[in-house]
Amino acid sequence: MKAIAIDAYGPAEQLALRDLPDPPVGPDTVLVRVRAAGVNPVDWKVREGHLAAAIPGHFPLVPGWDAAGEVVAVGPAVAGFAVGDEVIGYVRRDDLQYGTYAELVPAPERCLADKPAPASWAEAAGLPLAGLTAYQALQAARTGAGDTVLVHGASGGVGHLAVQVARALGADRVIGTASEANHDFVRALGAEPVGYGDGLADRLCAIAPDGIDVALDLFGGEALDVSAELLARPARLISTADPEHVTRLGGSYVFVKPSTQDLTVLAGLVDAGRLTVHVERTFPLAQAADAQRLVAAGHVRGKVVLEV
């Protein structure tokens, strides 16, 4: 198969397209012909070795945890998928080696769900990791009817989906921090935009004088402190970025988990027209280095996707 792989942790320049042996298919594994692979901030962190202490890596290492594609083989214990099925997956295994920047990826059955029919391959590939992060974080905060929800970074990959998922869960209001250039985009998603940076607490108090019910932090640091000041219940403060700080404030840290059930919920929202994945830009697989550099710069609206 053709795949992007690295032989050591390091800079983006080493992300090279090469020929690798087709991956093995375990008893509970689904082999997926990848049509598109989402690019996430964690991908460049994996490439630089930031997760090496937590998740063992084996070289040559193919990056990527997001995929959309077609099932081409199934292990003998797989019950939920068959050859020819169109699927999406957050393919996070217990180690790092067989990622989604490849023509073929071996995915544990628990990582997959049926592809939402209205979504393009690129849109479908942009959904799993970011969508699961948003959904699982908002579920951890018990987001529901009548809530006022604050989403930090509402125009980004996770943030733009979190705004829509919060609405789908019944939130009455969603407030999203974003740069001025992204305010119209955030409004179109169904949120009230607020500029981030100095004076954020005052701006939030002005538009939500009664406070907020749920806060989703994707960056850590000062945004957590501001959120904690406005929340009636600290337990409804969720961070995906700063476990120690959010815990000190009485909130919770969420690290996204593979889940067929949760992915199926998200795909259902797409099928129902209640959730849309915004793909800012696509790259051919051979340009994975450029895609990771763009994501690492931190100014992407929505998602970046590799077309395989």
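Rules behind the numbers
Residues numbered from 1 in each chain as written. Predicted model: local features only at pLDDT ≥ 70, side-chain atom pairs only at ≥ 80, totals over all residues. Heavy atoms only, no water. Phe/Tyr/Trp six-rings, centres within 6.5 Å; stacked < 30°, edge-to-face > 60°. Helix = DSSP H or I, 4+ residues; strand = E, 2+ residues; numbered from the N terminus. Buried < 20%, exposed > 50% of the residue type's maximum accessible area, 1.4 Å probe, protein only. Contact = heavy atoms within 4.5 Å. Pairing = 2+ DSSP bridges. Axes fitted to C-alpha atoms, helices over the stretch in contact; angles between N-to-C directions. Parallel < 35°, antiparallel > 145°, perpendicular 65-115°, else oblique. Left-handed = near helix turned anticlockwise from the far one by under 90°. Nonpolar A, V, L, I, M, F, W, Y, C, P; charged D, E, K, R; others polar. Core = buried A, V, L, I, M, F, W, Y, C linked by side-chain atoms within 4.5 Å. Salt bridge = Lys/Arg side-chain N within 4 Å of Asp/Glu carboxyl O. Arc of directions from axis to C-beta.

Some words on the packing of aromatic side chains
Thought 1: For the structure on display, the rule yields two aromatic pairs.
Thought 2: Ring geometry for Y9 against F59: centres 5.1 Å apart, planes inclined by 70 degrees, an arrangement best described as edge-to-face. Remark: F59 occurs in the loop between helix 1 (41-47) and strand 4 (66-74) and Y9 occurs in the loop between strand 1 (2-5) and strand 2 (16-19); sequence separation between them is 50 residues.
Thought 3: Among the residues examined, Y9 registers a relative accessible area of 28% and is labelled partly exposed.
Thought 4: Classification of F59 as partly exposed rests on a relative accessible area of 34%.
Thought 5: When the centroid spacing of 6.0 Å and the interplanar angle of 75 degrees are considered together, the rings of W65 and Y90 count as edge-to-face.

Comments concerning the environment of P128
Thought 1: Here P128 shows up in helix 3 (residues 128-140).
Thought 2: With 152 residues separating them in the primary sequence, P128 and E280 have C-alpha atoms 16 Å apart.
Thought 3: Every residue in contact with P128, bar those within four places of it in the chain, is listed here: D66, A67, I88, G89, Y90 and L263.

Details of the pairing of strand 3 (residues 29-39)
For a regular strand, side-chain orientation follows a simple rule: the groups alternate between the two sheet faces.
Thought 1: With nine of 11 residues buried, strand 3 lies mostly within the body of the structure.
Thought 2: Both strand 3 and strand 6 (residues 104-108) contribute to a ladder of five bridges, which runs antiparallel. Among the inter-strand pairings, V30 is bridged to a residue of strand 6, identified as A107.

Examining the sheet that holds strand 13 (residues 252-253)
Two pairing modes exist for strands in a sheet, parallel and antiparallel, and in both the strands are linked by backbone hydrogen bonds.
Thought 1: Taking strand neighbours across the sheet as the criterion, the six strands line up as 10-9-8-11-12-13 in an open arrangement whose pairing is parallel. Two strands lie at the open edges of the sheet, namely strand 10 (192-195) and strand 13, each paired on one side alone.
Thought 2: Summarising the sheet, strand 11 (residues 214-217) and strand 12 (residues 237-239) pair through three bridges and their orientation is parallel. Pairing of A215 across the sheet is with L237, part of strand 12.
Thought 3: In this fold helix 6 (residues 200-207) packs onto strand 8 (148-151), strand 9 (173-178) and strand 10, with an angle of close to 155 degrees to the strand it touches most, strand 10.

Focus: the packing of helix 3 against helix 4 (residues 157-168)
Thought 1: Put simply, helix 3 and helix 4 touch, their axes get as near as 8 Å, and they point 50 degrees apart. Put simply, helix 3 runs oblique to helix 4. Viewed along their axes, helix 3 and helix 4 form a crossing whose handedness is right-handed. Residues A130, G131, T133, A134, Y135 and L138 of helix 3 form the contact with helix 4, whose own contacting residues are G157, V158, L161, A162, V165 and A166.
Thought 2: In terms of residue class, the contact of helix 3 with helix 4 is made up of nine nonpolar, three polar and no charged.

Notes on the nonpolar core
Thought 1: One finds W65, Y101, L127, V149, V174, L275 and L306 to be the most contacted residues of the largest nonpolar core, which totals 91 residues.
Thought 2: Those residues in contact with W65 that sit more than four places away from it in its chain are V42, D43, L51, I55, G89, Y90, V91, R92, L96, T100 and L129.
Thought 3: Listed in part, the 14 residues of the second largest apolar core include V194, L204, A215 and V226.

Notes on the pattern of salt bridges
Thought 1: Under the counting rule described, the total for this entry stands at nine salt bridges.
Thought 2: Across the pair R18 and D7 runs a salt bridge whose closest N-O atoms are separated by 3.1 Å. Of this pair, R18 sits in strand 2 while D7 sits in the loop between strand 1 and strand 2; the two residues are 11 residues apart in sequence, bridging distant segments of the chain.
Thought 3: Ionic pairing is found between R47 and E48, a salt bridge with its closest N-O pair at 3.4 Å.

Some points on the packing of helix 6 against helix 7 (residues 222-230)
Thought 1: With their axes 10 Å apart at the nearest point, helix 6 and helix 7 run at an angle of 30 degrees to one another. Crossing handedness for the pair helix 6 and helix 7: right-handed. Along the contact surface, helix 6 presents L200, A201, L204 and C205, while helix 7 presents V226, E229 and L230.
Thought 2: By residue class, the composition of the contact of helix 6 with helix 7 is six nonpolar, no polar and one charged.

So, helix 7
Thought 1: Buried within helix 7 are the following residues: A223, L224, V226, S227 and L230. Burial along helix 7 is one-sided: seen end-on, the buried residues are contained in an arc of 165 degrees. Facing away from the buried surface of helix 7 by more than 90 degrees, the exposed residues are E222 and E229.
Thought 2: Buried residues in helix 7 make contact with strand 8, helix 6, strand 11, strand 12 and helix 8 (243-248).

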